[in-house]
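Residues per chain, in single letters:
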Amino acid sequence: MLQFNNTYHKLGDKFYQTAMPNKVSNPALLFWNDMLANDLRLDTAFCRDKSKLALYFSGNKIISGSVPVALAYSGHQFGQFNPYMGDGRAHLLGEVCDKDNIQRDIQLKGSGQTPYSRRGDGLCAIGPAIREYIMSEAMYALGVPTSRCLAVVSTGETVYRESEKPGAVVTRIAASHIRVGTFQHFSARGDVESLTALTEYTINRHYPTIDINTDGYILELIKSVGAKQIELIVQWMRVGFIHGVMNTDNCAISGETIDFGPCAMLGVYHPGTVYSSIDKNGRYAFGNQPNIAQWNMARFAESLIPLIDEDAEKAVELVKPIILQFAEDFNNAYYGMLASKLGVHSLALIDKSFIKEILDIMQNQELDYTLTFVQLAQSLNDNEQAEQLKAALGKWYNNWLTLLQEANIDHNTAEELMKVSNPVVIPRNHHVEAILQECETSGDLSSADRFLKVLRSPYQQLPHTNEFQDLPKDGDVNYHTFCGT
Ligand SMILES: Nc1ncnc2c1ncn2[C@@H]1O[C@H](COP(=O)(O)OP(=O)(O)OP(=O)(O)O)[C@@H](O)[C@H]1O
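Residue indices follow the written sequence of each chain, beginning from 1 at its first position. A pLDDT threshold of at least 70 governs which residues receive local features in this predicted model, and a stricter bar of 80 or more applies before side-chain atom pairs are shown or counted, although totals over entire chains, interfaces and linings include all residues.

## A closer look at the site of the ligand
Point 1. The immediate surroundings of the ligand are formed by 19 residues, with Gly88, Arg89, Ser117, Gly120 and Asp259 found nearest.
Point 2. Summarising the domain contributions, the shell around the ligand has at least three residues from each of domain 1 (8-174) and domain 2 (180-338). Residues are counted as near a molecule or strand when the C-beta atom, derived from backbone positions, lies within 6 Å of that molecule or strand. Marked domain ranges trace back to an automatic or database domain assignment.

Here's what the structure looks like:
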């Protein structure tokens, strides 16, 4: 069983409200993440009993040591500050240590109303719950920092959305649920004492190398959180992930991906790609994610102004260069990542403008982002593929081969790096949708299981991989995602 060691609770009741999950009529375990359970050191005998798991991970039964709470936070939603947010449909059960001794939050989502629900029903439909499970598992296997899901349990209840949907509860495991919005929550209330406690707690839990007894430790925290965001967004850009709702309440201080509501994957390369139906201005478009991450970091820094200096103007002057530096650091990390997608291990060996050229070609010729990099890798040891790419990419292709040669990178070495930088399969939108539809309407989970098996080895061509590699017939031009509820 899980051994809880709930540290966040010790921060006091300004940080959360006690709330019990709903009891549901007919809980049934749909997905159980054995590997993650193992990482959390969950007892194998306990994990075998599906009906027990359904009881515990629907919220019908509370595991001993768990103290369910809904967390307080605020946030900028599409640029507008909302001071009244918080877990409206989630219950933090508590924290456990994983096998590497890292503290992890265990949270139920879709588990009923809380004091923060406002007008919401506190519930989650089965589709968004399974989407969160599949997408987070895919991201994890792709090597992207992410929260993960331990279980999805159907509740037997009906959830009323645009139509009636079966309800579900998803169990999320995260490094923590501290968000930029958590800092904003206390800053907006002028509660410096809580802000200080939160900052110290965050450093202790996520950035323990920062010494809170030194001057400038807050600035160090801002730099460190920014560096984690850079790492995260660079990885999103590597695999073509579009988060879709990078509000500050969805920006985890740990640097993990959280909230898979309206997320999608990039098909044809275009930085302006947006799939979320509510993102009318493209604020969270694929290519705008780095700018938004910087914007979110500016909001994070802003929330910490009272702790930096009594003189707010002076504090702003101290913070400004850190936020400005973010853009340059991001750019270097981003182009470094793209260089490795092209088989080049160091940015010193390749011009950023040359990298940008292949992106422009992809954009102009409407080429698929994932497939183009896979084909480039294959072409190094496959003449037929090389001929095709020469025809498609023109001069650029030959220039790339020349660059590899001049940098003394042989084809096998380049291909090896490309194979670990470029997934052969991603959770393509049309497959995700088809599978969610199948789970929801027929209750048949076998395709989802096959999909998950393939997604868990995204750099390998497994026997079933080709079932999920085809491009969408309409290039996803009609594809829309919705804030997952
Ligand atoms: N059905 C609902 N009932 C009550 N509150 C809701 C509901 N749906 C969303 N909310 C709340 O609205 C806010 C924004 O929702 P959003 O969909 O971004 O988050 P979420 O997916 O519910 O949670 P998280 O960000 O933790 O993944 C959150 O505070 C969430 O708790």
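Don't stop here, the text continues.
## Section: the packing of helix 7 (residues 217-239) against helix 8 (residues 289-303)
Point 1. Axes here mean lines fitted to C-alpha atoms, for a helix over just the part in contact, with angles spanning 0 to 180 degrees between N-to-C directions. Put simply, DSSP marks the helices as runs of H or I at least four residues long and the strands as runs of E at least two long, and each gets a number from the N terminus on. Packing of helix 7 against helix 8 brings their axes to within 10 Å, and their N-to-C directions diverge by 160 degrees. Our classification of the angle between helix 7 and helix 8 gives roughly antiparallel. For the element pair helix 7 and helix 8, the recorded crossing hand is right-handed. Each of Ile222, Val225, Gly226, Gln229, Ile233, Trp236 and Met237 in helix 7 lies in contact with helix 8, whose residues at this interface are Gln289, Pro290, Ala293, Met297, Phe300 and Ala301. Should an angle lie under 35 degrees it is considered roughly parallel, over 145 roughly antiparallel, and from 65 to 115 roughly perpendicular; all remaining angles are considered oblique. Crossing handedness follows the turn of the near helix against the far one: under a right angle anticlockwise gives a left-handed crossing, and clockwise gives a right-handed one. By the convention adopted here, residues make contact when the C-beta atoms placed from their backbones lie within 7 Å.

## Examining the pairing of strand 9 (residues 164-174)
On a regular strand, each side chain points to the face opposite its neighbour's, so the side chains alternate between the two faces of the sheet.
Point 1. Exposure classification rests on a simple neighbour count of other C-beta atoms within 10 Å of a residue's own: a residue reaching 20 or more is buried, one at 12 or fewer is exposed, and one in between is partly exposed. C-beta atoms are placed from the backbone. A large share of strand 9 lies buried, amounting to eight of its 11 residues.
Point 2. We call two strands paired when DSSP finds no fewer than two bridges between them. With five bridges connecting them, strand 7 (residues 103-109) and strand 9 associate as antiparallel partners. Opposite Lys109, over in strand 9, you have Val170 as the bridge partner.
Point 3. Pairing between strand 8 (residues 148-160) and strand 9: nine bridges, direction antiparallel. Bridge assignment links Tyr160 to a residue of strand 9, and that residue is Glu164.

## Comments concerning unusual backbone geometry
Point 1. One non-glycine residue, Arg41, lies in positive phi territory at about 60 degrees.
Point 2. Phi at Glu366 is positive, roughly 55 degrees, even though this residue is not glycine.
Point 3. Relative to the elements of secondary structure, Glu366 occurs in the loop between helix 11 (352-365) and helix 12 (369-379).
Point 4. A residue is classified by how many C-beta atoms lie within 10 Å of it, and Glu366, with 11 of them, is exposed.

## Observations regarding the UniProt feature "binding site: Mg(2+)" (unreviewed entry) in the protein
Point 1. UniProt positions are given in the numbering used here, feature names are shortened, and annotations may be inferred rather than shown by experiment. When the UniProt feature table is mapped to this numbering, "binding site: Mg(2+)" (unreviewed entry) covers Asn250 and Asp259.
Point 2. Tracing the sequence through the fold places Asn250 in the loop between strand 10 (241-242) and strand 11 (264-265).
Point 3. By the C-beta count within 10 Å, which is 21 here, Asn250 ends up buried.
Point 4. Leave out the neighbours within four places in its chain, and Asn250 touches Arg179, Val245, Ile258 and Asp259.
Point 5. Relative to the elements of secondary structure, Asp259 occurs in the loop between strand 10 and strand 11.

## Considering the packing of helix 5 (residues 180-188) against helix 8
Point 1. Contact geometry of helix 5 with helix 8 gives a least axis separation of 9 Å together with a crossing angle of 35 degrees. Considering the relative orientation of helix 5 and helix 8, their crossing is left-handed. From helix 5, Val180, Phe183, Gln184 and Ser187 reach across to helix 8, where they touch Asn296, Arg299, Phe300 and Ser303.
Point 2. By the convention adopted, Pro, Cys, Tyr, Trp, Phe, Met, Ile, Leu, Val and Ala count as nonpolar, Lys, Arg, Asp and Glu as charged, and the other residues, Gly among them, as polar. A per-class count over the contact of helix 5 with helix 8 returns three nonpolar, four polar and one charged.

## As for the domain arrangement of the protein
Point 1. The domain architecture assigned to the protein consists of domain 1 (8-174) and domain 2 (180-338).
Point 2. Taken together, the contact pairs 26 residues of domain 1 with 30 residues of domain 2.
Point 3. Those elements that provide at least two residues to the side of domain 1 that touches domain 2 are strand 4 (75-77) and helix 4 (126-142).
Point 4. Broken down by element, the side of domain 1 that touches domain 2 gets its largest block of residues, seven residues, from helix 4.

## Notes on the nonpolar core
Buried together is how nonpolar side chains tend to be arranged in soluble globular proteins.
Point 1. Ala129, Ala151, Val152 and Ala168 are the most contacted members of the largest nonpolar core, which totals 136 residues.
Point 2. Of the residues forming this core, the biggest block, 11 residues, is contributed by helix 7.
Point 3. Each of two domains, domain 1 (8-174) and domain 2 (180-338), supplies a minimum of three residues to this core.
Point 4. Discounting residues that sit within four places of it in the chain, Ala168 has contacts with Gly110, Cys124, Ala125, Ile126, Ala129, Val152, Val153, Ser154 and Thr155. For our purposes the nonpolar core covers buried Ala, Val, Leu, Ile, Met, Phe, Trp, Tyr and Cys residues that link as a set through C-beta atoms within 7 Å.

## Side note on the UniProt feature "active site" (unreviewed entry) in the protein
Point 1. Within this structure's numbering, the places UniProt gives as "active site" (unreviewed entry) are Asp249.
Point 2. Among the secondary structure elements, Asp249 is positioned in the loop between strand 10 and strand 11.

## Re the environment of Gly94
Point 1. Tracing the backbone shows Gly94 in strand 6 (residues 90-97).
Point 2. Judged by local crowding, Gly94 falls into the buried class, with 24 C-beta atoms found within 10 Å.
Point 3. With 40 residues separating them in the primary sequence, Gly94 and Ala54 have C-alpha atoms 18 Å apart.
Point 4. Residue contacts for Gly94: discarding those within four places in its chain leaves Phe4, Asn6, Gly65, Ser66, Val67 and Ile106.

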